[in-house]
Protein chains: 2
Amino acid sequence: MKNNFIIKGDICYSKSQNELNTFEDKYLICKDGISMGVFDEIFAEYKDFEVLDYSNKIVVPGLIDLHVHAPQYTYRGLGMDLELLEWLNTYTFPEESKYQDLTYAKKSYEKFVNDLKFSSTTRASIFSTLHVDSTILLMDLLEESGMVTYVGKVNMDRNGIDTLQEKDAAESESETKRWLAEIKGRYKNTFPILTPRFTPSCTDDLMARLGEIEKEYKLPVQSHLSENQSEIAWVKKLSPKSTCYGDSYDRFHLFGDFSKTIMAHCVWSTEEEQKLLRERGVFIAHCPNSNLNLSSGIAPIRKYLEEGQNIGLGSDIAGGIHLSIFKQMSDAIQVSKMYWRLVDNDFLPLTIEEAFYLGTIGGGKFFGNVGSFDKDFEFDAVVIDDSDYRRDGLTLHQRLERTIYISDDRHVIHKFIQGSKIF
Amino acid sequence: MKNNFIIKGDICYSKSQNELNTFEDKYLICKDGISMGVFDEIFAEYKDFEVLDYSNKIVVPGLIDLHVHAPQYTYRGLGMDLELLEWLNTYTFPEESKYQDLTYAKKSYEKFVNDLKFSSTTRASIFSTLHVDSTILLMDLLEESGMVTYVGKVNMDRNGIDTLQEKDAAESESETKRWLAEIKGRYKNTFPILTPRFTPSCTDDLMARLGEIEKEYKLPVQSHLSENQSEIAWVKKLSPKSTCYGDSYDRFHLFGDFSKTIMAHCVWSTEEEQKLLRERGVFIAHCPNSNLNLSSGIAPIRKYLEEGQNIGLGSDIAGGIHLSIFKQMSDAIQVSKMYWRLVDNDFLPLTIEEAFYLGTIGGGKFFGNVGSFDKDFEFDAVVIDDSDYRRDGLTLHQRLERTIYISDDRHVIHKFIQGSKIF
């Protein structure tokens, strides 16, 4: 299919944080992979465009996953009785060390990429492991899938395990450069992102070298921030010069001052750290399911929204269980209710409008003009068949609410990215 | 199939609250619908029993749903921005009033019963509506499904809406008696349970009449208790003579002194109420997903377990979104982590063993010797095909953990109740 076409269906998209547009039985126009908006009828200039009739189906912008660990997909739902640091050592690091083996990596990454492809997610920012070759293998698979992704070879030169750690900062740097050299010019939709695992995994020496790479290559950055209280206490010890956890990245220009940055979690960010996040325009990847499973806590997302932070949602496989960003939307609402009820009743629960915004435009901004059907947005769309759980008399807004709460991969029947049909 | 057979497979069941038995590639024997236990080999006396080969499949006792509203199934995932009382008036009552119409009831209840049948649940305690005829229709469908259920025609003579309320206590009483007369002797596996909706819906006059019925018919009872703070404040006003919310039932012998009773939620039960629950042996139906969605709060389940309360799990459709009791197990663990992290760090999160116990024996006790494969338990079993998410090197315990977190109805491939194959 060409990138010029028209979708007829029941169309929903966020206009802003508090504004959800719903249009029943209307025309959504894609021209050269860009949305022209939603119309009541087909104007003369689009008369030649093919019309895809998805009447009675729900059409939403593709969902955005700002934080997911590809090598952890195959063991989601394991070890959920542990908190972060213990869980990393017991499950994550031993598992990730297997990605040294390309045969193992291929089998696992194929499953991950296939399931992501047939989910409602169209774009994602992904951690691989520290291994260059299997990272490239993952990037090849993602490119082939048609999704738009950032992928990070992980950097870690301390506090790993024997089988999962780079020898030193110099090796981590040279491996990163080898990776960047090997993928140069190789992809259209798959981009590298610098990925210091988190401060406990990276010496200051390594952080400084990554800061240099970042300056030279103008790469975006992703990492973890203020997820768990033991982790924060450890960072304080490891990085005594930093004024806050966020500063342990910022000191090395890895916190959004040269290019865009994603920090996952921010459950326990101090006021100072919140200010830094805001000033640098860092994207917070809110991962409510993971924060529940690893007993991390509940991020004050209402506060972040009110203060104008950049925020999107992350599945955080395998701290989180589910790839679905619809599920993260309902989880985000649920935990915000507990925050309001049990922590601070000044911060009202998130609404459907806000949760949907976070999972579309909120994360989409990281990718550019992405996450809406307003004019000039890149055309990513997902078609949902809700006939299985549809009932008479519901508004489209209500059908979307039910889709957020109860749909699964079976209900995702078509997907478009940048105007190309993925399935 | 006869009620004598042997299942070969990977068998898991609770022995006690903290003890999970896992047996790989063993034989589970059913004789006359009763479990004989799990064996390494087939002894002479069972040599003639058919062997059902479910090798590599996970076999668990049927799961128990202690609290579910059948008429709410078709609108789960709607109005989740409201708290309990507002949600009841806006969504629940108008919807339930439609069950006056038997055509509407049939269509909706068929969907509910079909989905429950193909879920991992084998037994449930169910609310219908106040309508006698559609309640009988629901009971007919459930009987036909092969599941074992308690079903309650709802009583409500105040604070309903025009289209959903009985005229007065006398009408509610006579309708209840008509219902009991009509179903007498009609079912093998479908039992009536007295169901005062909750104290705000029932005058003292009605409660007293139900207490008399309960005394005469020796029926079990189900209702709601201390779910939401506004509800509790309202009960205080409506029932000033009651020393606690639980006492508003207990005063009328509807709190377990004549027969077994289920009270859903108990999120905010006072020490006095907890004592009453314990003394009366009332079953607490813990409904974590619903308590999240309606912003009710988090029940202190660790405390209840330590103090020896009877507890099982409830889906509480449509306060809860999912029929699956596996999902309630993982939700119960997740909210217990937030309780520990944010409310009281003396009460440790629930373990997999405890959550699995709650969803099997915990609720099963309400039905008798149900919820385990120990010798002499009634033979309810569910066969799970985890090949979709199975990976090498996992213990059976770990496969069960992953099943609790990530399985859905697609993975439930066979079900047995009292030794009869349901599918």
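Residues numbered from 1 in each chain as written. Chains lettered and ligands numbered in written order. Predicted model: local features only at pLDDT ≥ 70, side-chain atom pairs only at ≥ 80, totals over all residues. Heavy atoms only, no water.

It is worth spelling out the packing of aromatic side chains at this point. Scanning all chains against the criterion turns up 42 aromatic pairs over all chains. Measuring from centroid to centroid gives 5.4 Å for A:Tyr150 and A:Phe367, while their planes differ by 50 degrees, and the two rings are tilted. Of the two residues, A:Tyr150 is situated in strand β7 (residues 148-152) and A:Phe367 in the loop between α12 (352-364) and β15 (381-384); the sequence distance between them amounts to 217 residues. The exposure class of A:Tyr150 is buried, given its relative accessible area of 10%. Judged by its relative accessible area of 9%, A:Phe367 falls in the buried class. Measuring from ring centre to ring centre gives 5.7 Å for B:Tyr13 and B:Phe373, while their planes differ by 75 degrees; the resulting arrangement is edge-to-face. (Phe/Tyr/Trp six-rings, centres within 6.5 Å; stacked < 30°, edge-to-face > 60°. Helix = DSSP H or I, 4+ residues; strand = E, 2+ residues; numbered from the N terminus. Buried < 20%, exposed > 50% of the residue type's maximum accessible area, 1.4 Å probe, protein only.)

Residues and elements named next belong to chain A. The domains assigned to chain A are domain 1 (5-60 + 374-421) and domain 2 (63-367). The gap between the C-alpha centroids of domain 1 and domain 2 is 29 Å. Counting residues at the interface gives 26 residues for domain 1 and 27 residues for domain 2. For domain 1, the biggest contributors to the area lost against domain 2 are Gln17, Ile404 and Tyr405; these three give 31% of the whole. Inspection of the region where domain 1 meets domain 2 yields 2 salt bridges. Residue Arg123 pairs with Asp380 through a salt bridge whose shortest N-O separation is 2.5 Å. At the boundary of domain 1 and domain 2, one finds 8 residue pairs in polar contact (both at pLDDT 80 or more). For the side of domain 1 that touches domain 2, the secondary-structure elements that each account for two or more residues are β1 (5-16), β15, α13 (396-406) and β16 (412-417). Its residues placed into classes, the side of domain 1 that touches domain 2 shows 12 nonpolar, 8 polar and 6 charged. (Domains from an automatic or database assignment. Contact = heavy atoms within 4.5 Å. Buried area = accessible area lost by both parts, 1.4 Å probe. Salt bridge = Lys/Arg side-chain N within 4 Å of Asp/Glu carboxyl O. Polar contact = N/O pair within 3.5 Å; in protein donor to acceptor, adjacent residues only side chain to side chain. Nonpolar A, V, L, I, M, F, W, Y, C, P; charged D, E, K, R; others polar.)

Glancing now at helix α3 (residues 132-145) of chain A. Because each turn of an α-helix spans 3.6 residues, side chains separated by three or four positions in sequence point in the same direction. All names here are of chain A. Helix length check: α3 (14 residues) gives 20 Å between terminal C-alpha atoms against 20 Å at 1.5 Å per residue, within 8%. Across the 14 residues that make up α3, a large majority, 10, are buried. Summarising the contacts, the buried residues of α3 are in contact with α2 (102-117), β6 (121-127), β7, α4 (169-183) and β9 (190-192). Gly146, located one to two residues past α3, shows a positive phi value of around 90 degrees. (Expected span 1.5 Å × (residues − 1).)

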